Amino acid sequence: MTNHALLIELLTEELPPKALQRLSDAFANSIEADLNKLALLPTGYKSRRFATPRRLAILIDQVLEQAPEQDFTERLMPAKVGLDAHGNATAALNKRLEAKGLGHLTAADLVVESDGKQDFLIARGKAPGAILKNRIQEVIEHSINQLPIPKVMRYQLQDGQSSVRFVRPAHRLVVLHGDTILAAEALGLSADRITEGHRFMGASTLTLNHAEEYERRLAEEGMVIADYDVRKADIQKQLLETAESLNSTIGDDPEVATLLDEVTALVEHPTVYVGQFDQAFLEVPQECLILTMRLNQKYFPLFDKTSGKLDHRFLIVSNMRPADPKNIIEGNERVVRPRLADAKFFFDTDKKTSQNDRVEQLANVVYHNKLGSQLQRTERVQQLAALIASQLGADTALAKRAAYLAKADLSSLMVGEFPELQGVMAAYYATHEGESDEICQALAHQYDVRFNLAPNKDGLTALLLFVAERVETLVGIWGIGSIPTGERDPYGLRRAALGIISAYEWLKKANLSDINSSQLDLPAILNKSLELFDAESQLSPDTPNEVYQFILERYRNQLQHEHSKAVIDAVLAVNPPLDQIPERIAAIETFSQLEEAESLAAANKRITNLLRKVEGELVKPDKSLLQEEAEKELFSMLQAVEPKAHALFTSKDFTGSMSLMATARPAVDKFFNEVMVMADDPAIRSNRLSLLSRLHSTMNLIADISCLA
């Protein structure tokens, strides 16, 4: 079978930059997958995808004109319907064969196979392979129809009458198989061999002689770097080299990578230039300047290599490369100046209003229509922060002050313009008014996804605010029924739960001598949070327990990457305090490796099933009712082991407690081998169940070991 390179390009108006990669992948993947299904791609073929602001394209180096013959199996209909009493084809069978394009077959050409219920007529044979030129239309249509378009627009075609719906108006369609145009239509366009170069540089149109010259001629004549990854690497290289020449850096935070992706989707022939702004603007918090340059202007701010402080210069990724770039640089500097001036005005004006006044203004800012204003929320978080501080023995006054100021910046001009700066500006304004370093740090880090401050006492106030804010969010939002479902989590409850877990992990790492991290009683904090909401909010009384289970589930997901499911299930089944989970996991992992573990886990599971049948409460086992030697031995073993196990558990020696329980195996095994638990005598039966209940409680102090069975 002859094959040639296949090029499919859709040329459009500028595509949404943040969606370009998704559109490109979907376009190319669909075409490649459909051609594969049609067996039109030979073994060893290679494909490349191209994406610029104005085009989506794919080039496959080998595509067959016609696929090889294909084996086919077609289940037609039940034999009793398709064949008459003499074994001849019925009218229904002949009609089905014609519909399937198998009219040349007779009843003798078919085989009968059973599916276990009835016999079916099956047609098998060789079918001619798909012909590329006959199938390319459906391949292109399918690719366009399944694109993940963020927002569809309708536009009118050149005939002035018909219209189509697409992400942006499309102008050209190129479909070349080798040097041959394949007839196809899409979005009111007919396939051709003409593409377009850069809007302002190089050839405006290029007539392609062959599919394989696409990338080279676009680059050399059209001034377009069509490959997204090649263009991105070129931009990154220019940025790094230019920054290095200025003894600066573009930074390494995640926003840099995000911006790089976006500017790659905005240019077809990138060139990096250096711009600058008045150094007086550096008096404004650098986060404000960085945000406006990146978010509004798509510039790359520069930072001093040594200090990491913001420089007054920035890098511009331009779509033009003139002989003299002076106008481009000056034009961008003129554009950024008013944005920076706005930021300076907001900052200077905001400083004229005290934080205390801003907090009072929060009474007019709605938090949630069912949960009141931001001021009411602030008051709830204050009380929670104070409770957490009292549990840990931390400074309650600092905790309450941090919580009081946490949302003050919501009524500031700067946050009104740049919502992304919430918390950051609260810290700056608090610093301006002379608040303590601990409070300012707490405000700056209140929106962190994870609590990752240095593990020392300086971060304690920040932790108190961090946990209080997330508890209030979880209880309030969950309590009114806005529970995460599937991928939907508009209030970030999963993130809040993971944040609380990270706070517990920080406390362990910090190991502060005058702070008792084990006193951080999350169920008590959740219950207190529920009490702080107005009755009008109508929060479900089950909310604290449901939220605690939700947090445990997030912890489960986090743990499963390092520990077995059985061990995690065993520990979380007893609803342990969050701070004890790592140690309990370690203890159960050690226990599970002992030879006694399997037998004791099975026994524990058996006890669990027996106790489920118990009606009413069990009293303490009565020694006088013990009859069999095995149950007497079990009772004696418990008398010796139980207090020691509890003592080890109380001292948090979970591994020691589980090792001690392993010594119970001989008595437990003997009991189940020799004793009938469900005896006919109700008193004997109840006493044996009481004995097992006591054993069950002792065995499951640290985890429900039946999960290991």
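Taking an unreviewed UniProt entry as the reference, the protein chain is identified by name as Glycine--tRNA ligase beta subunit belonging to Oligella ureolytica. UniProt annotates the protein chain under Catalytic activity (unreviewed entry) with the comment "tRNA(Gly) + glycine + ATP = glycyl-tRNA(Gly) + AMP + diphosphate". Recorded in UniProt under Subcellular location (unreviewed entry), the annotation for the protein chain is "Cytoplasm".

### As for unusual backbone geometry
The residue N575 is not glycine, and still its phi comes out positive at about 50°. For N575, the position within the fold is in the loop between α20 (565-572) and α21 (581-592). Despite not being glycine, K652 has its phi angle at roughly 65°, a positive value. Here K652 lies in the loop between α23 (629-650) and α24 (654-662).

### As for the side chain of R688
Looking at the secondary structure, you find R688 in helix α26 (residues 682-699). R688 gets classed as buried once you look at its relative accessible area, which sits at 4%. Separated by 3.1 Å, the side chains of R688 and E631 make a polar contact. Excluding residues that lie within four positions of it along the chain, R688 makes contacts with Q627, E628, E631, V675, M676, V677 and A679.

### Description of the nonpolar core
Counting 116 residues, the largest nonpolar core has L463, L578 and L695 as the members making the most contacts within it. Ranked by residues supplied to this core, first place goes to helix α16 (residues 460-479) with 13 residues. Each of domain 4 (356-562) and domain 5 (586-708) accounts for three or more of the residues forming this core. In this structure, I31, Y45, I140 and Y228 belong to the second largest nonpolar core, which totals 46 residues.

### A few points about the side chain of S143
Of note, S143 is situated in helix α4 (residues 132-145). By relative accessible area, which is 0% here, S143 ends up buried. Separated by 3.0 Å, the side chain of S143 and the backbone oxygen of F27 make a polar contact. The residues touching S143, leaving out its near neighbours within four places in the chain, are A26, F27, S30 and I31.

### What to know about the UniProt feature "domain: DALR anticodon binding" (unreviewed entry) in the protein chain
Per the UniProt record, "domain: DALR anticodon binding" (unreviewed entry) is annotated on residues 602-700. In the segment residues 602-700, helix accounts for 71% and strand for 0%; the C-alpha atoms at its two ends are 13 Å apart.

### Observations regarding the sheet that holds strand β18 (residues 310-318)
With respect to topology, 4 strands assemble into an open sheet ordered β15-β17-β18-β16, the strand pairing being antiparallel. Two strands lie at the open edges of the sheet, namely β15 (248-249) and β16 (271-276), each paired on one side alone. The sheet contact formed by β15 and strand β17 (residues 300-304) spans 2 bridges and is antiparallel. Directly across from S248, in β17, lies its bridge partner D304. Lying over the sheet, helix α9 (residues 326-350) contacts β16 and β18, oriented at roughly 50° with respect to β16.

### Observations regarding the packing of aromatic side chains
Aromatic ring pairs are reported here in terms of the distance separating the ring centres and the angle at which the planes meet. Per the counting criterion, the structure on display carries 11 aromatic pairs. Seen from their ring centres, F451 and W506 are 5.3 Å apart, and the 90° between their planes marks the pair as edge-to-face. Within this pair, whereas F451 is found in the loop between α15 (437-444) and α16, its partner W506 is found in helix α17 (residues 493-510), the two being separated by 55 residues in sequence. A relative accessible area of 0% places W506 in the buried class. Ring centres 5.4 Å apart and planes at 90° place the aromatic pair F671 and F672 in the edge-to-face group.

### Notes on the state of the cysteines
As enumerated under the stated definition, the model contains 0 disulfides in all. C440 takes part in no disulfide bond, and the closest cysteine sulfur to it belongs to C288, at a distance of 15 Å.

### Let's talk about the pairing of strand β2 (residues 47-52)
Two faces make up the sheet, and in a regular strand the side chains alternate between them. In terms of strand pairing, β2 meets strand β3 (residues 55-64) through 6 bridges, oriented antiparallel. In the sheet register, A51 faces β3, and the bridge partner there is L56. Hairpin connection, β2 to β3: the antiparallel pair is bridged by 2 residues.

### Remarks on a negative patch on the surface
On the surface, a cluster of negative charge is contributed by D357, E360, E379 and E433. Inspection of the secondary structure puts D357 in helix α10 (residues 355-361).

### Remarks on the sheet that holds strand β6 (residues 119-127)
Sheets are built from strands that pair by backbone hydrogen bonding, the pairs being arranged parallel or antiparallel. Reading across from one edge, β4-β6-β5 is the order of the 3 strands in this open sheet, with antiparallel pairing throughout. The sheet is open, and its two borders are formed by β4 (70-78) and β5 (111-114), each paired with just one other strand. Across the sheet, the mean angle separating the axes of adjacent strands is 35° when strand polarity is ignored. In terms of strand pairing, β5 meets β6 through 4 bridges, oriented antiparallel. Bridging across to β6, E113 finds its partner in F120. Along the sheet face, helix α3 (residues 91-99) touches β4 and β6 and points at about 150° away from the line of β4.

### Quick notes on α21
In this model α21 runs 16 Å from its N-terminal to its C-terminal C-alpha over 12 residues, within 8% of the 16 Å that 1.5 Å per residue would give. Residues I581, R584, I585, A587, I588 and F591 constitute the buried set of α21. Down the axis, α21 shows its buried residues gathered within 165° of arc, on one side only. If you follow the buried residues of α21, they end up packed against α19 (543-559), α20, α22 (597-612), α23 and α24.

### Brief notes about the packing of α16 against helix α18 (residues 522-532)
Closest axis-to-axis distance for the α16/α18 pair is 9 Å, and the angle between their directions is 60°. What the angle tells us is that α16 and α18 run oblique. As for the relative orientation of α16 and α18, their crossing is right-handed in sense. Listed contacts from α18 to V471, E472 and V475 of α16 are L522, I525, L526, S529 and L530. For the contact of α16 with α18, the residue count by class is 6 nonpolar, 1 polar and 1 charged.

Parameters and conventions
- Residues numbered from 1 in each chain as written.
- Predicted model: local features only at pLDDT ≥ 70, side-chain atom pairs only at ≥ 80, totals over all residues.
- Heavy atoms only, no water.
- UniProt positions renumbered as here; feature names shortened; annotations may be inferred.
- Helix = DSSP H or I, 4+ residues; strand = E, 2+ residues; numbered from the N terminus.
- Buried < 20%, exposed > 50% of the residue type's maximum accessible area, 1.4 Å probe, protein only.
- Polar contact = N/O pair within 3.5 Å; in protein donor to acceptor, adjacent residues only side chain to side chain.
- Contact = heavy atoms within 4.5 Å.
- Core = buried A, V, L, I, M, F, W, Y, C linked by side-chain atoms within 4.5 Å.
- Domains from an automatic or database assignment.
- Pairing = 2+ DSSP bridges.
- Axes fitted to C-alpha atoms, helices over the stretch in contact; angles between N-to-C directions.
- Phe/Tyr/Trp six-rings, centres within 6.5 Å; stacked < 30°, edge-to-face > 60°.
- Disulfide = S-S within 2.5 Å.
- Patch = residues over 30% accessible without salt bridge, like charges linked within 9 Å, V, L, I, M, F, W, Y side chains within 5 Å.
- Areas by Shrake-Rupley, 256 points an atom, 1.4 Å probe, with all protein chains shown as cover.
- Salt bridge = Lys/Arg side-chain N within 4 Å of Asp/Glu carboxyl O.
- Lys, Arg positive; Asp, Glu negative; His and termini not counted.
- Charge placed at Lys NZ, Arg CZ, Asp CG, Glu CD.
- Expected span 1.5 Å × (residues − 1).
- Arc of directions from axis to C-beta.
- Parallel < 35°, antiparallel > 145°, perpendicular 65-115°, else oblique.
- Left-handed = near helix turned anticlockwise from the far one by under 90°.
- Nonpolar A, V, L, I, M, F, W, Y, C, P; charged D, E, K, R; others polar.

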